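Descriptive analysis of the structure
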Amino acid sequence: MKDILLTESEIISNWKDNSIIPLVSICCTTYNHEKYIEDAIIGFLIQKTSFPFEIIINDDNSTDMTKNILLKYKNLYPNIIRLNIQKENLYSQNIRVMGQLCKMARGKYIALCEGDDFWSDKNKLSIQTKVMIENPKTNLSFHPANLISSNNSSIISFYGKKIRKFSLIDICNKGGGFLPLASIMMKRETLKKFEIHEKFYNHMLTHFFYQVIGSLEEDILYIPNIMSVYRSMHEGSWSRKVNDNLNEKLNVAYVYINSIVEFKKIINKSQGTVLNKAANIRIYNILSCIEISYEERVSFYNTYKKIMNVKNKLIYFLIIKNDKLYKKIKKIRQYMKN
């Protein structure tokens, strides 16, 4: 990603508001992203806005050159970029660092991005902020993204050419992948309400739950502009790690569903019932994955059978009573798809 960058003074000179308090806080997490983090930073700095914004970047104790790149840009943009460099890796301790950045944010709105993704439209912040201001009840807005993977490129989360609303049910029916993280802009006050739930906020606040929190009180807003790029399946990425490692896939599923179970304790019953839809999609993915051992799938069933829907209970019946039959059904389904 190449672009001519303005100096810090040139960026600030475009801000009509003389206030030192940013309207938008850009929160970015990074770890060993030396190949990608510069694209993310440039995507932030090229934003054309008439309002002040800040960039807060957390480095989770990278072991490559990521920190050096961050420090280079911090020296060039000291009044715009704030760094939060960890002395030890927090992700390995099950601490969600994006939540920490959101606590540090001073803006009314928070825009999220991870260090291996980037924004591709220099008007993203202006467009999204304008939509949020014009729809004051909206707590979260998002947009489509270009997907770049090792296999192909495509557009994700494209839901038509007009601005429209989506509900919590829409998000849960997709099972967690409804929208790209780098497309999210949400009200800081919406997240702040959940800080009191320390266990959840510090250890379970993931991509899926930003979507859920943003849709609890009001439907979220979809903006049709494609304004970011999501990288998937590249070396060192979370998606590649989960795809290539069955144990990691299983562990991530346990963490995801356990987080839903915990989150249901702090929302109302009807919303919790909707969240079960997302949990059951992940349960289905595990139970139907014949590469995972029979014993592990049985254990998985026993852990979550209380929240399991009829479809997944039927799948379990096939597995526990006749695993060979299920494998044959699986092969037939794969053959029909091809």
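See the structure printed just above.
Basis of the calculations
- Residues numbered from 1 in each chain as written.
- Predicted model: local features only at pLDDT ≥ 70, side-chain atom pairs only at ≥ 80, totals over all residues.
- Heavy atoms only, no water.
- Pairing = 2+ DSSP bridges.
- Helix = DSSP H or I, 4+ residues; strand = E, 2+ residues; numbered from the N terminus.
- Axes fitted to C-alpha atoms, helices over the stretch in contact; angles between N-to-C directions.
- Buried < 20%, exposed > 50% of the residue type's maximum accessible area, 1.4 Å probe, protein only.
- Right-handed = clockwise from strand over helix to strand, strands pointing away.
- Parallel < 35°, antiparallel > 145°, perpendicular 65-115°, else oblique.
- Contact = heavy atoms within 4.5 Å.
- Nonpolar A, V, L, I, M, F, W, Y, C, P; charged D, E, K, R; others polar.
- Core = buried A, V, L, I, M, F, W, Y, C linked by side-chain atoms within 4.5 Å.

The next point concerns the sheet that holds strand S10 (residues 185-187). Strand order in the open sheet formed by 8 strands is S3-S2-S1-S4-S10-S6-S11-S9, and the pairing between neighbours is mixed. Strands with a single pairing partner mark the edges of an open sheet, and in this sheet they are strand S3 (81-85) and strand S9 (164-166). With direction set aside, neighbouring strand axes in the sheet form an average angle of 25 degrees. For strand S6 (residues 140-142) and S10, the ladder comprises 2 bridges, and the chain directions are antiparallel. What sits directly across from Leu140, in S10, is Met186.

So, on to the pairing of strand S2 (residues 53-59). Among the 7 residues that make up S2, 7 are buried, leaving the element largely enclosed by the rest of the structure. Neither face of S2 is left uncovered, since the one carrying Phe53, Ile55, Ile57 and Asp59 and the one carrying Glu54, Ile56 and Asn58 both have all their residues buried. Of the pairings in the sheet, the one linking strand S1 (residues 24-30) to S2 comprises 7 bridges and is parallel in character. Within S2, the position partnered with Val24 by the bridge is Phe53. The handedness of the S1 to S2 crossover, carried by helix H2 (residues 37-45), is right-handed. As defined by bridge partners, S2 adjoins S3 across 5 bridges and the pair is classed as parallel. Bridge assignment links Asp59 to a residue of S3, and that residue is Ile85. Once the chain exits S2 it traverses helix H3 (residues 66-76) before rejoining the sheet at S3, and the crossover so formed is right-handed.

Geometry of a packed helix pair, given as the angle between the helix axes and the separation of the axes. Where helix H11 (residues 246-263) contacts helix H13 (residues 294-304), the two axes come as close as 12 Å, and the packing angle between them is 5 degrees. Here H11 is positioned roughly parallel relative to H13, judged by the angle of their axes. Facing H11, whose interface residues are Asn247, Leu250, Ala253, Tyr254, Ile257 and Asn258, H13 presents Glu296, Ser299, Phe300, Thr303 and Tyr304. Residues belonging to the contact of H11 with H13 are distributed by class as follows: 6 nonpolar, 4 polar and 1 charged.

Soluble globular proteins: nonpolar side chains tend toward being buried together. The biggest cluster of nonpolar side chains holds 60 residues, and the ones touching the most others in it are Leu112, Phe142, Leu191, Phe208, Tyr210, Phe263 and Phe300. The greatest single-element share of this core, amounting to 8 residues, is contributed by helix H12 (residues 269-287). Setting aside residues up to four positions removed in sequence, Phe208 forms contacts with Ile171, Cys172, Gly176, Tyr256, Ile260, Leu275 and Ala278. In terms of nonpolar packing, the next biggest core, distinct from the first, is built from 30 residues, Ile11, Trp15, Tyr73 and Ala182 among them.

A separate point is the sheet that holds strand S12 (residues 228-232). Two strands in a sheet stick together by hydrogen bonds in their backbones, pointing the same way (parallel) or opposite ways (antiparallel). Strands sit in the order S5-S12-S7-S8 across an open sheet of 4 strands; the sheet is mixed. Only two strands of the sheet have a single partner each, and these edge strands are strand S5 (118-119) and strand S8 (153-156). Alignment of strand S7 (residues 145-149) against S8, held across 4 bridges, turns out to be antiparallel. What sits directly across from Ile148, in S8, is Ser153.

Another point: unusual backbone geometry. With a phi angle near 60 degrees, Asn61 is a residue other than glycine that sits in the positive phi range. The class of Asn61 is partly exposed, set by a relative accessible area of 22%. The phi dihedral of Asn94 falls on the positive side, at around 60 degrees, and the residue is not glycine. Structurally, Asn94 can be placed in the loop between S3 and helix H4 (97-104). Look at Asn94 and you get partly exposed, because its relative accessible area is 36%.

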